Amino acid sequence: FYVEGGGFKHILSADRDAMATDQGMYAIVAYDRFVNKKTSLYNMTDVEDSQKEDITGKVILDLPEKISGNVGSEFNINVRVGSYPEGDYKLLDGVIDIPEGIEIKAVKANSNNITGGLCDFGVQDNKLRLVYSNTSLENINCVSNEFPAELLTITAKITKEFSEEQKLDFNVESFELKQSSDESKTYSYGVTSASTVVGKSVKAS
């Protein structure tokens, strides 16, 4: 039963209650979707599809929502791409801005998604330069059929104390596939940024 002013109740002589209000709203939404020829309430795939971001041609950084505030603790940054262009490519390289107080320990390729090369990296002036290629400059290949595909995992380490809830930003300056040293034969991904928040540090007892 609808209650004037908002909400529902199960028994006419009783007061409004939360469960009846939940169920009443479910019914209203389900009916609204029915009369507007949308998918059912417990399907709603049309809503998911309409809200999906087009990630074609983009590089994506995945970071934990929150990282430990302890000096010496490590966390991973996953580098994913929303697509992989057709053609033969010899080298993948990128530049990522790294916050001060973060050390890069390793960069590893996901062999389930990319093959044909080895990772190398260097950090200077808080910029991580990463490269994936091979010494004979044969082709590298993305073998994943599903996107976004995780290509690389960066292992990072905290080297200084941050204040709790401090935001750390990581920005991709460039992320490119190259067919040769000729700049005209370069595929550039759309750049992006991501952030994480420092959690409370735990002092050793």
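Please refer to the structure higher up on the page.
Presented here is an overview of the structure given in this document. (Residues numbered from 1 in each chain as written. Predicted model: local features only at pLDDT ≥ 70, side-chain atom pairs only at ≥ 80, totals over all residues. Heavy atoms only, no water.)

With respect to the element layout, Val59 can be found in strand 1 (residues 59-62). Taking the C-alpha atoms as reference points, Val59 and Val79, separated by 20 residues in sequence, lie 7.1 Å from one another. Apart from the residues lying within four places of it in its own chain, the contact partners of Val59 are Val79, Arg80, Val81, Val172, Phe175, Tyr189, Gly190, Val191 and Thr192. (Helix = DSSP H or I, 4+ residues; strand = E, 2+ residues; numbered from the N terminus. Contact = heavy atoms within 4.5 Å.)

If you check helix 1 (residues 18-35), its first and last C-alpha atoms are 26 Å apart, about what 18 residues at 1.5 Å a residue would give, namely 26 Å. Of the residues making up helix 1, those classed as buried are Ala20, Gly24 and Arg33. Between the side-chain oxygen of the N-cap and the backbone nitrogen of Met19 there are 3.4 Å, and the N-cap of helix 1 in question is Asp17. Once helix 1 ends, the next one or two residues include Lys37, with phi positive near 55 degrees. (Expected span 1.5 Å × (residues − 1). Buried < 20%, exposed > 50% of the residue type's maximum accessible area, 1.4 Å probe, protein only. Polar contact = N/O pair within 3.5 Å; in protein donor to acceptor, adjacent residues only side chain to side chain.)

This next bit is on the side chain of Lys9. One can find Lys9 in the segment before helix 1. We note that Lys9 is buried and unpaired, the nearest opposite charge coming from Asp15 at a distance of 6.3 Å. A distance of 2.8 Å separates a polar side-chain atom of Lys9 from the backbone oxygen of Leu12. Residues in contact with Lys9, not counting those within four places in the same chain, are Phe1, Val3, Ala14, Asp15, Arg16, Asp17 and Ala20. (Lys, Arg positive; Asp, Glu negative; His and termini not counted. Salt bridge = Lys/Arg side-chain N within 4 Å of Asp/Glu carboxyl O.)

Another aspect to go through is the sheet that holds strand 5 (residues 102-109). Where strands meet in a sheet, backbone hydrogen bonds hold them as pairs that are either parallel or antiparallel. If you trace the 4 strands from one edge of the open sheet to the other, you get 1-3-10-5, paired in antiparallel fashion. Here the strands that pair on one side only, and so sit at the sheet edges, are strand 1 and strand 5. Between one strand axis and the next, the sheet turns through 25 degrees on average, direction left out of account. Pairing of strand 3 (residues 74-81) with strand 10 (residues 149-158) involves 8 bridges; the strand directions are antiparallel. Each bridged residue has a counterpart across the sheet, and for Val81 the counterpart in strand 10 is Ala149. (Pairing = 2+ DSSP bridges. Axes fitted to C-alpha atoms, helices over the stretch in contact; angles between N-to-C directions.)

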